[in-house]
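Below are the chains, spelled out letter by letter.
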Amino acid sequence: MVEKKVVVKIKTGLQARPAALFVQEANRYVSEVFIEKDNKKVNAKSIMGIMSLAIANGSEVTLIADGTDEEKALTGLAEFIENVD
Amino acid sequence: MYMTESEVRISMSKVTVKDIINKFKLELISGEEGIDRPITTSDISRPGLEMAGFFEYYPEERLQLLGKTELTFFGMLNEVDQKVRMERLCTDITPGIIITRGMTVPEELIEASEREAVPVMRSTMKTSKLLSQLTNYLELKLAPTTAVHGVLVDVYGVGVLITGKSGVGKSETALELVKRGHRLVADDCVEIRQEDQDSLVGNAPDLIEHLLEIRGLGIINVMTLFGAGAVRSYKRITLCINLEIWDAAKQYDRLGLDEEKMKIFDSVIPRLTVPVRPGRNLAVIIEVAAMNFRLKRMGVNAAQQFTTKLSETIREGDDD
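All figures in this text were calculated on a predicted structure; none of them were measured in a lab.

1. With respect to the interface of chain B and chain A
Buried accessible area, meaning the area lost when the parts come together, often serves as the stated size of an interface.
Then comes step 1: On the side of chain A, 18 residues touch chain B, which itself brings 18 residues to the contact.
Then comes step 2: Between chain B and chain A, roughly 1500 Å² of surface is buried when both sides are summed, and carbon and sulfur atoms account for 61% of that area.
Then comes step 3: Inspection of the chain B/chain A interface yields one salt bridge.
Then comes step 4: The salt bridge partner of E191 of chain B is K40 of chain A, with a shortest N-O separation of 2.9 Å.
Then comes step 5: Counting every contact that joins chain B to chain A gives five residue pairs in polar contact (both at pLDDT 80 or more).
Then comes step 6: Mapped by element, the contributors of at least two residues to the side of chain B that touches chain A are β7 (145–149), β11 (189–195) and β13 (211–214) of chain B.
Then comes step 7: The element that contributes the greatest number of residues to the side of chain B that touches chain A is β13 of chain B, accounting for three residues.
Then comes step 8: In the side of chain B that touches chain A, the residues fall into eight nonpolar, three polar and seven charged.

Shown next, in the form of structure tokens:
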């Protein structure tokens, strides 16, 4: 299991559309992926879970991946979140 | 017995004095600086012995309730004692002091509380009434909570938590259950808190309450589509059904004699693993699982009865 703290740089935060893209990205990996904000941890492959966190621009989240491609998943998703647009 | 630890992370929700003031409509008398103090325990103290000068076991981290008894006794003390005892009552970690029955707040208490920034509040309620309401509220708020990936539905009054990997069909199953007259509690992300000793209560995060996400349709609102009768805001969880893609190499339960268990916090609930394959009507299977679960709790165990009968018949056959 690997984890990484990232700061959300997407301008609008994880609104519905970016959240859907994020979940799509997460589903490309076989590993179990979680995202944690303020002690609340949800499955990153679940769109409703992600949206229930209401992740804003500038907030810090922790990505957690567990599985055969965990490293790849972590870098891929971190890149997505840290991408400016 | 097979046990599964769920993917949980425990978090404690925070309660501050401000929440208590708003919830119980308390009048803030002094110590306003301290209204953001956190309340960390649901225990409440009535500092009667402390009023009498015994501070050895003073539970300073608890909310303090001063009622008629304590204040009448306080009025009988001499001035020096009054001052000293109120000062000792207000420590830097005391979340707050509440005066009940709308009684007059002693000057000494106001002075001491301003110095340490301990909020002093007043309620018109009776001490014992307020005490029990405060305890209930704090227990609820301070209960450990966690979020689980899954769907929670109320099926025939049984709170069924449907779990399984992403894309296995949890939400679709929930939709079919709702269409069949059952009620949705939460989709995709279930917040669970432990109440009392072994009671798990689940609800949806505020933002996604009543919503369901169906691949190909997107987000739908179950409450506006199917009516208020199709949703519930919270439900006690008593059964977990884990959906997984049919694995030909895996052995599935054929008899229903053994009960698989799942542990969330200290509570253990039965868990069934149901394989998913085209042509299997999951909603019906879950309905029957819920009914069978109720039947078992009422003392009727079909699998058990059948095996007893079978072994009896075999034994009779031996005797002949």
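2. Brief notes about helix α3 (residues 70–82) of chain A
All names here are of chain A.
Then comes step 1: For α3, built from 13 residues, the straight-helix expectation of 18 Å at 1.5 Å per residue is met to within 8% by its first-to-last C-alpha distance of 18 Å.
Then comes step 2: Along α3, the residues that are buried comprise E70, A73, L74, G76, L77, A78 and I81.
Then comes step 3: Buried positions along α3 lie against β1 (2–7), α1 (16–26), β2 (32–37) and β4 (60–66).

3. Points about the confidence of the model for chain B
Detail in the predicted coordinates should be disregarded across regions flagged by low pLDDT.
Residues and elements named next belong to chain B.
Then comes step 1: Of all residues in chain B, 96% have pLDDT values of 70 or greater, and the mean over the chain is 89.
Then comes step 2: A low-confidence stretch, residues 1–11 (pLDDT under 50), is modelled with 34 contacts involving residues beyond four sequence positions or located in other chains.
Then comes step 3: Reported confidences for the modelled complex are a pTM of 0.77 and an ipTM of 0.83.

4. Side note on the pairing of strand β8 (residues 151–155) of chain B
All names here are of chain B.
Then comes step 1: Within β8, five of the five residues are buried, which leaves it mostly tucked inside the rest of the structure.
Then comes step 2: Burial along β8 is two-sided: V151, V153 and V155 and L152 and D154, pointing in opposite directions, are all buried.
Then comes step 3: Here β8 runs beside strand β9 (residues 158–164); their pairing, made up of five bridges, is antiparallel. Opposite D154, over in β9, you have G159 as the bridge partner.
Then comes step 4: Across three bridges, the pairing between β8 and strand β10 (residues 183–186) is antiparallel. In the strand pairing of β10, V153 is matched with L184.

5. Section: the packing of helix α7 (residues 170–179) of chain B against helix α9 (residues 282–297) of chain B
For any two helices packed against each other, the geometry comes down to the angle between their axes and how far apart the axes lie.
All names here are of chain B.
Then comes step 1: Running from amino to carboxyl end, α7 crosses α9 at an angle of 70°, the nearest separation of the two axes being 9 Å. Compared by their axis directions, α7 and α9 come out roughly perpendicular. In this structure, α7 meets α9 at a crossing whose hand is right-handed. Contacts between α7 and α9 involve T173, E176 and L177 on the former and, on the latter, L282, A283, I286 and E287.

6. Details of the sheet that holds strand β5 (residues 97–99) of chain B
Strand pairing in a sheet is mediated by backbone hydrogen bonds. Such pairs are either parallel or antiparallel.
Residue and element names in this part refer to chain B.
Then comes step 1: Read from one edge of the open sheet, five strands run β2-β6-β5-β4-β3, paired in mixed fashion. Both edges of this open sheet fall to β2 (27–30) and β3 (44–45), since each of them pairs with a single strand only.
Then comes step 2: Sheet analysis places strand β4 (residues 63–66) next to β5, joined by three bridges and oriented parallel. When the sheet's bridge partners are listed, L66 is paired in β5 with I99.

7. So, unusual backbone geometry
All names here are of chain B.
Then comes step 1: A positive phi angle is found at R101, which is not glycine, with a value near 55°.
Then comes step 2: Counting through the fold element by element, R101 comes out in the loop between β5 and α5 (107–116).
Then comes step 3: By relative accessible area, R101 is classed as partly exposed at 39%.
Then comes step 4: Notably, Y156 is not glycine yet its phi reads approximately 50°, a positive angle.
Then comes step 5: Examined against the element boundaries, Y156 turns out to sit in the loop between β8 and β9.
Then comes step 6: Looking at Y156, the relative accessible area reads 34%, which means it is partly exposed.

8. Things to note about the state of the cysteines
All names here are of chain B.
Then comes step 1: Tallied over the full model, the rule gives zero disulfides over all chains.
Then comes step 2: C240 takes part in no disulfide bond, and the closest cysteine sulfur to it belongs to C189, at a distance of 15 Å.
Then comes step 3: What makes C240 buried here is its relative accessible area of 0%.

Calculation criteria
- Residues numbered from 1 in each chain as written.
- Chains lettered and ligands numbered in written order.
- Predicted model: local features only at pLDDT ≥ 70, side-chain atom pairs only at ≥ 80, totals over all residues.
- Heavy atoms only, no water.
- Contact = heavy atoms within 4.5 Å.
- Buried area = accessible area lost by both parts, 1.4 Å probe.
- Salt bridge = Lys/Arg side-chain N within 4 Å of Asp/Glu carboxyl O.
- Polar contact = N/O pair within 3.5 Å; in protein donor to acceptor, adjacent residues only side chain to side chain.
- Helix = DSSP H or I, 4+ residues; strand = E, 2+ residues; numbered from the N terminus.
- Nonpolar A, V, L, I, M, F, W, Y, C, P; charged D, E, K, R; others polar.
- Expected span 1.5 Å × (residues − 1).
- Buried < 20%, exposed > 50% of the residue type's maximum accessible area, 1.4 Å probe, protein only.
- pLDDT = per-residue confidence, 0-100.
- Pairing = 2+ DSSP bridges.
- Axes fitted to C-alpha atoms, helices over the stretch in contact; angles between N-to-C directions.
- Parallel < 35°, antiparallel > 145°, perpendicular 65-115°, else oblique.
- Left-handed = near helix turned anticlockwise from the far one by under 90°.
- Disulfide = S-S within 2.5 Å.

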